[in-house]
Amino acid sequence: MRGTLAASVLTLLLTSGSRAASRQQEPPTFRASVDAVLVDVAVRAGNTPVNDLTTTDFALWDQGVRQEIRAIRTGSVPLDVTLIVDVSRSRAGNLAQFRADVNGVPTLLQPADRVRLLAFSNEVTEIFPFQPGALPAVVNDLKTGSFGAVHEALATALMYQVEPDRRHLVVAFTDGLDNISALSVHTLQAIAKRTPAVLHLVIPSDNRGSWASVMELGRTDYGDPFPVLLGTEGHPRYRDMVIDAAEITGGQEHRVGGLFRGESILGPLKQILSDYRRSYQLQYQPSGVARGGWHELKVEVTRRGRYNVRARRGYFVDAK
Amino acid sequence: MAGDASRRLAVFAIVTCVFAIGGRTPGAQQTSDPIVGVLDGYAEGRYDDALARLRTLGSARVIRDRLRDQGQRWIASADPARRERRLEIAAIVALEAAHIGFAAAGQPGVPYGTKNLQQLFDTRQLLEVGCAWVRQGTASEFERVWLLASVALQQSVQNHYRVYTEIRFSDNRTVNPEVPFRDVMPQYSLWMQNADLQEWDLAHWGHATSRFPDEPRFALAKILARPEVRRLPNRPGTAAMFMTQGFGSSEFDRLPELEKLAASVVRQTFVDLGRFLDRPGVSAEANLRRGILQFHQARLVDSLDSLRAATKEADRDIAYLAHLYAGLALDGLNRRSEAVDAFEAALRVVPDARSAVVALAADLFQLDRRAEASARLAAAFARPAPDDPWRRFSLGDYRFWPDYLNRLREAARS
């Protein structure tokens, strides 16, 4: 379409040129008028990524105010990729397959990329910290548990301080059902509004999200009639709120059949990485808008044609 | 802790006679029975070896039957001076077997599948075998600790069913179990009819409280069994909402009814907890539970008052949870800087506990102290995760199980 089908920005980096080289310091935020916003945007025509767009092909609104796009970057920026895998009892269907999959992750990464692996069940575990993408990715110790600390795992990843010259992509393989985190889904969403990372959720397609089907899944998968009876966010649309957190960041949910039942994670991961590398980063300096609070974003493609644009919904700046 | 051995043995003699009349011969011990090897090994302090052998004996039902029969004979076959100790050993082995049995049906605290129902029920009866042994004679310290340990195991597996019938409201109403069990939760109905778990729990509490009416932890256990109190404490919300999980949209029509029921239970629970707020030994836990209930009712300021009363508790789980909840309540009041202090206090109690580390980082992140948030997470994840009291919140007194077991073993050795 001419414009936006669904606004989504793939990564938002709050940065400023004066601080861009400072890797160890607090990431630059909206502290002065010279601050710049980096907005990741993925554009598709049908199922095909569109990767020949220029600054003049985009229109961007911040709080409803049209902004001037100063620069555009494409897929050359190295990635920090955080993989999150649900190994709670409900999801840890095939750990041997998972280990083999992790061994194959380096084949999907570029030399300048880095990868980190988190696993979670009752709590979050860092299987290995960020390491060069080309290094062997090995899972030595994997402890499964009875519950799923989804919120804590996602929040832990999203709060990682990415370096200014890199992009942070978080890909979580989970059913999205939390039943033990101390963090609420609302806090997860608050973090999603502030993180520069982009979150994608890969969810089993046979797990449709109503509590009735959760119950069915429990019966067929591992014999518990009430797998999520206690502690889960007691809201029928609860998981939608987790997916919403991903969409706030410019990510989305991906439904995959057979996930946790032998289906490799490498297929969806490859697709997500490929799409992300072919996305754009738009840079602008906000003008005409109040500095603090939630900034709602809208991105459109002005070139003639029908495009599906996915971009972050907005970003949050502390008022101080 | 040895207690009143002579009176206990007098009762035991009667029990032995009953066995003899029934055609069983306590004195004719069959040393070839593997349970005897387990008991002998345990009596000699070879715990790991004994437990390894115990795990090979079969299902909880098999072990229950062997303990009840051969264990009884093993006790009776000793000379009178040694019978008391053998009885204690056999009772501890019953506990150990129950612990193994629950683990075989699922991890403690994990919902059980129907396929494990029989295992769960048989394991309960294993505890009952031991309970019948320790309740002989005059109440002793050994018996008190044994019952505390058994209640701890009992609480560890209460996550998946509801214990309602014991609740009597101030106006003499009682909870109608038909609502949660029969109509809204047909599977539970089947479960309860088959396993009789609720009745077993109530009967066991009855044993404990009748023997030790002044032990507040037994009375508190009844309150903590209520699902509104036991549910994993994610966040404020209506107490009944979690009941809807696993059901289709038609069941949501029952929500008002369930809400009403749950609200009644919560109101009564406040009244019941009030009796324990100043009781030595359980006051901190009672205050913590009250604070959590208030938190879930979004009475955040009230919650803070209750939680502060619990933060000075020596029990690290209680102190940690009181600080953690205070942080969550302060977050709810948008007093984020104070929440940071509360989470820091929790981490002084249990360093690197994941629940507080992530909650702390989330506040720092939202306070725009992002580098600090990231660094705190990185530092914590670089170290092994400690046992997090948050994760075992719903398991109740199960956190005391290792201590109780050690005390029982020590008593049986002396």
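See the structure above.
Residues numbered from 1 in each chain as written. Chains lettered and ligands numbered in written order. Predicted model: local features only at pLDDT ≥ 70, side-chain atom pairs only at ≥ 80, totals over all residues. Heavy atoms only, no water.

### Section: the overall build of chain A
Check the secondary structure of chain A and you find 6 helices and 16 strands. With 320 residues in all, chain A has 61% of them scored as buried. Nonlocal contacts in chain A, meaning residues at least 24 apart in sequence, comprise 81% of its contacts between residues at least 6 apart. Approximately 11,700 Å² of chain A is accessible, and the part contributed by carbon and sulfur atoms is 48%. (Helix = DSSP H or I, 4+ residues; strand = E, 2+ residues; numbered from the N terminus. Buried < 20%, exposed > 50% of the residue type's maximum accessible area, 1.4 Å probe, protein only. Contact = heavy atoms within 4.5 Å. Areas by Shrake-Rupley, 256 points an atom, 1.4 Å probe, with all protein chains shown as cover.)

### Some thoughts on the sheet that holds strand E14 (residues 293–301) of chain A
Residue and element names in this part refer to chain A. Reading across the sheet, the 4 strands line up as E5-E4-E14-E16 and stay open at both edges, with antiparallel pairing between neighbours. At either margin of the open sheet sits one strand with a lone partner, and together these are strand E5 (65–67) and strand E16 (314–317). Each strand axis lies, on average, 30 degrees off the axis of its neighbour in the sheet, ignoring direction. As defined by bridge partners, strand E4 (residues 58–62) adjoins E5 across 3 bridges and the pair is classed as antiparallel. By the bridge assignment for E5, Trp61 is matched with Arg66. (Pairing = 2+ DSSP bridges. Axes fitted to C-alpha atoms, helices over the stretch in contact; angles between N-to-C directions.)

### Focus on the pairing of strand E8 (residues 114–120) of chain A
Residues and elements named next belong to chain A. For E8, the buried fraction is high: 6 of the 7 residues fall into the buried class. Here strand E7 (residues 79–86) pairs with E8 via 7 bridges, running parallel. Note that in E8 the partner of Thr82 across the bridge is Arg116. For E8 and strand E9 (residues 124–132), the ladder comprises 6 bridges, and the chain directions are antiparallel. The residue bridging Arg114 from the neighbouring strand is Pro132, located in E9. Linking E8 back to E9 in an antiparallel pair, the connection comprises 3 residues.

### Concerning the sheet that holds strand E11 (residues 198–204) of chain A
Residues and elements named next belong to chain A. Pairing is mixed in the open sheet, where 6 strands are placed in the order E9-E8-E7-E10-E11-E12. Every interior strand has two partners, whereas the edge strands, E9 and strand E12 (253–256), have only one. Ignoring which end each strand starts from, the neighbouring axes of this sheet average 15 degrees apart. Direction of pairing for E11 relative to E12: parallel, over a ladder of 4 bridges. In the strand pairing of E12, Val202 is matched with His254.

### Comments concerning the nonpolar core
Judged by nonpolar contacts, the single largest core of 73 residues is most densely connected at Ile84, Leu154, Met159 and Leu201 of chain A. Ranked by the residues each element gives to this core, the list is headed by helix H16 (residues 316–332) of chain B, at 10 residues. Residues in contact with Met159 of chain A, not counting those within four places in the same chain, are Ile191 of chain A together with Val358, Ala361, Ala362, Phe365, Ser374 and Leu377 of chain B. In this structure, Val134, Leu147, Leu148 and Trp200 of chain B belong to the second largest nonpolar core, which totals 62 residues. (Core = buried A, V, L, I, M, F, W, Y, C linked by side-chain atoms within 4.5 Å.)

### A short note on helix H7 (residues 141–156) of chain B
Along its 16 residues, H7 of chain B runs 23 Å from first to last C-alpha, staying within 8% of the 22 Å computed at 1.5 Å per residue. With 15 of 16 residues buried, H7 of chain B lies mostly within the body of the structure. (Expected span 1.5 Å × (residues − 1).)

### Concerning the pairing of strand E2 (residues 36–45) of chain A
Both faces of the sheet carry side chains from a regular strand, because those side chains alternate between them. Residues and elements named next belong to chain A. Of all 10 residues that make up E2, 9 are buried, and the element is covered over most of its length. Relative to strand E13 (residues 280–284), E2 runs antiparallel, the two being bridged by 4 bridges. Pairing of Asp40 across the sheet is with Gln281, part of E13. Alignment of E2 against strand E3 (residues 48–49), held across 2 bridges, turns out to be antiparallel. Each residue of the ladder has a partner; that of Ala45, found in E3, is Thr48. Counted along the chain from E2 to the antiparallel partner E3, the turn is 2 residues long, and its residue Gly46 has a positive phi close to 65 degrees.

### Quick look at the packing of aromatic side chains
Taken as a whole, this structure holds 7 aromatic pairs over all chains when the rule is applied. With a centroid separation of 5.3 Å and 65 degrees between ring planes, the pair formed by Phe58 of chain A and Tyr280 of chain A is classed as edge-to-face. With Phe58 of chain A in strand E4 and Tyr280 of chain A in strand E13, this residue pair connects regions lying 222 residues apart in the sequence. Neither residue differs from the other here; Phe58 of chain A and Tyr280 of chain A are each classed as buried. Aromatic pair Phe295 of chain B and Tyr325 of chain B: ring centres 5.2 Å apart, planes at 75 degrees, arrangement edge-to-face. With Phe295 of chain B in helix H14 (residues 283–296) and Tyr325 of chain B in helix H16, this residue pair connects regions lying 30 residues apart in the sequence. For the pair formed by Phe295 of chain B and Tyr325 of chain B, the shared burial category is buried. In this structure an aromatic cluster arises from ring pairing among Phe295, Tyr325 and Trp390 of chain B. (Phe/Tyr/Trp six-rings, centres within 6.5 Å; stacked < 30°, edge-to-face > 60°.)

Read these as geometric descriptors, not functional statements.
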